[in-house]
Amino acid sequence: MKKVAKTNAARLLDKAGVAYELIPYEVDENDLGAEHLAQTIGEDIRQVFKTLVLHGEKSGHFVCVIPGGEEVDLKKAARVSGNKKVDLIHMKELLPTTGYIRGGCSPVGMKKSFPTYFHSSCLDFPVIYVSAGMRGLQFKVNPQDLIGFVGAEVCDLITDKNQEL
């Protein structure tokens, strides 16, 4: 088995004493979605979280970490971040803003510290999976440890599927 290279995000968790496991996986450049990732690593999609970067007219950039099979509710994200209107940033803005690329954006170790919000369902699990800062590598980590490390708030961030019907 080949040795997994540590990312800057992993080094930051090491330095802080946050326990985690690095989970490598085979990247499919044609499908960077969380559903595919969950299938690849053999885990429940509800435990695989994606990191989204948004921009609000008052707060500027902020981060939402939500379950992989869900969509961020922009109204809820605006409310928790103190904005009237928010939008996901364009993909071309992701690297210059965070230092990460699509499919490898971690809530740990962005270029700058942004307000961060985790969807409350993360607390339903003893461990969750989030990007370790590069495509092909996930953190398996206790959600409370991760939330504490990044100084995140826990709240409702996802679209209520019952409302859509």
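For the structure, see preceding data.
Residues numbered from 1 in each chain as written. Predicted model: local features only at pLDDT ≥ 70, side-chain atom pairs only at ≥ 80, totals over all residues. Heavy atoms only, no water.

## A few points about the sheet that holds strand S2 (residues 49–56)
Reasoning step 1: Taking strand neighbours across the sheet as the criterion, the five strands line up as S4-S2-S3-S5-S8 in an open arrangement whose pairing is mixed. Only two strands of the sheet have a single neighbouring strand rather than two, namely strand S4 (86–88) and strand S8 (153–155). Going across the sheet, the axis of each strand differs from the next one's by a mean of 30 degrees, ignoring polarity.
Reasoning step 2: As paired strands, strand S5 (residues 116–119) and S8 are joined by three bridges and run parallel to one another. Each bridged residue has a counterpart across the sheet, and for Tyr-117 the counterpart in S8 is Glu-153. (Pairing = 2+ DSSP bridges. Helix = DSSP H or I, 4+ residues; strand = E, 2+ residues; numbered from the N terminus. Axes fitted to C-alpha atoms, helices over the stretch in contact; angles between N-to-C directions.)

## With respect to the sheet that holds strand S7 (residues 137–141)
Reasoning step 1: Taken in spatial order, the three strands line up as S1-S7-S6 in an open sheet, and their pairing is antiparallel. The open sheet has two edge strands, strand S1 (20–24) and strand S6 (128–134), and neither has a second partner. Each strand axis lies, on average, 35 degrees off the axis of its neighbour in the sheet, ignoring direction.
Reasoning step 2: Of the strands in this sheet, S1, S6 and S7 touch helix H1 (residues 8–16), which is tilted by about 165 degrees from S1. (Contact = heavy atoms within 4.5 Å.)

## What to know about the layout of surface pockets
Reasoning step 1: The computed volume of the largest pocket comes to approximately 630 Å³.
Reasoning step 2: Lining of the largest pocket is provided by 31 residues; of these, Lys-50, Thr-51, Leu-52, Arg-102 and Gly-103 occupy positions nearest its centre.
Reasoning step 3: Examining the composition of the lining of the largest pocket, we find that five residues originate from one element, S2, more than from any other.
Reasoning step 4: Class assignment of the residues belonging to the lining of the largest pocket gives a composition of 14 nonpolar, ten polar and seven charged. (1 Å grid on protein atoms, 1.4 Å probe; cavity = no way out; pocket = protein on both sides within 12 Å on 5 of 7 lines; lining within 4 Å. Points joined across faces, edges and corners; volume = space filled by probe spheres on them. Nonpolar A, V, L, I, M, F, W, Y, C, P; charged D, E, K, R; others polar.)

## Remarks on the pairing of S6
Within a regular strand, side chains alternate between the sheet's two faces.
Reasoning step 1: For S6, a buried count of six out of seven residues is recorded, marking the element as mostly surrounded by other parts of the structure.
Reasoning step 2: Relative to S7, S6 runs antiparallel, the two sharing five bridges. In the sheet register, Tyr-129 faces S7, and the bridge partner there is Lys-140.
Reasoning step 3: What sits between the antiparallel neighbours S6 and S7 is a turn of two residues, in which Gly-136 has the positive phi angle 95 degrees. (Buried < 20%, exposed > 50% of the residue type's maximum accessible area, 1.4 Å probe, protein only.)

## With respect to the environment of Cys-155
Reasoning step 1: Relative to the helices and strands, Cys-155 resides in strand S8.
Reasoning step 2: In this structure Cys-155 comes out as buried when scored by relative accessible area, which is 12%.
Reasoning step 3: Among residues more than four places away in sequence, those in contact with Cys-155 are Val-80, Tyr-117, Phe-118, His-119 and Ser-120.

## Comments concerning the pattern of salt bridges
Reasoning step 1: Summed over the entire model, instances satisfying the criterion amount to five salt bridges.
Reasoning step 2: With its nearest N and O atoms 2.6 Å apart, the salt bridge here joins Asp-14 to Lys-6.
Reasoning step 3: Taking the relative accessible area as the measure of exposure, Asp-14 reaches 36% and is therefore partly exposed.
Reasoning step 4: Between Glu-29 and Arg-135 there is a salt bridge whose closest N-O contact spans 2.7 Å. Of this pair, Glu-29 sits in the loop between S1 and helix H2 (34–41) while Arg-135 sits in the loop between S6 and S7, placing them 106 residues apart in sequence.
Reasoning step 5: Exposure remark for Glu-29: the relative accessible area of 52% places this residue in the exposed category. (Salt bridge = Lys/Arg side-chain N within 4 Å of Asp/Glu carboxyl O.)

## Let's talk about helix H3 (residues 74–81)
Reasoning step 1: Within H3, burial applies to Lys-76, Ala-77, Ala-78 and Ser-81.
Reasoning step 2: Between a side-chain oxygen at the N-terminus of H3 and the backbone nitrogen of Lys-75 the separation is 2.9 Å; the capping residue is Asp-73.
Reasoning step 3: Looking one or two residues past H3, Gly-82 carries a phi angle of roughly 80 degrees, positive in sign. (Polar contact = N/O pair within 3.5 Å; in protein donor to acceptor, adjacent residues only side chain to side chain.)

## Observations regarding the nonpolar core
For soluble globular proteins, the rule of thumb is that nonpolar side chains tend to be buried together.
Reasoning step 1: Counting 30 residues, the largest nonpolar core has Phe-118, Ile-128, Phe-139 and Leu-146 as its most contacted members.
Reasoning step 2: Those elements that provide at least two residues to this core are H1, S1, S2, strand S3 (60–67), S6, S7 and helix H5 (143–150).
Reasoning step 3: Other than its neighbours up to four places away in sequence, Ile-128 contacts Gln-47, Phe-49, Phe-118, Cys-122, Phe-139, Lys-140, Val-141, Pro-143 and Leu-146.
Reasoning step 4: Ranked by size, the runner-up nonpolar core spans 13 residues in total, among them Ala-77, Val-86, Leu-157 and Ile-158. (Core = buried A, V, L, I, M, F, W, Y, C linked by side-chain atoms within 4.5 Å.)

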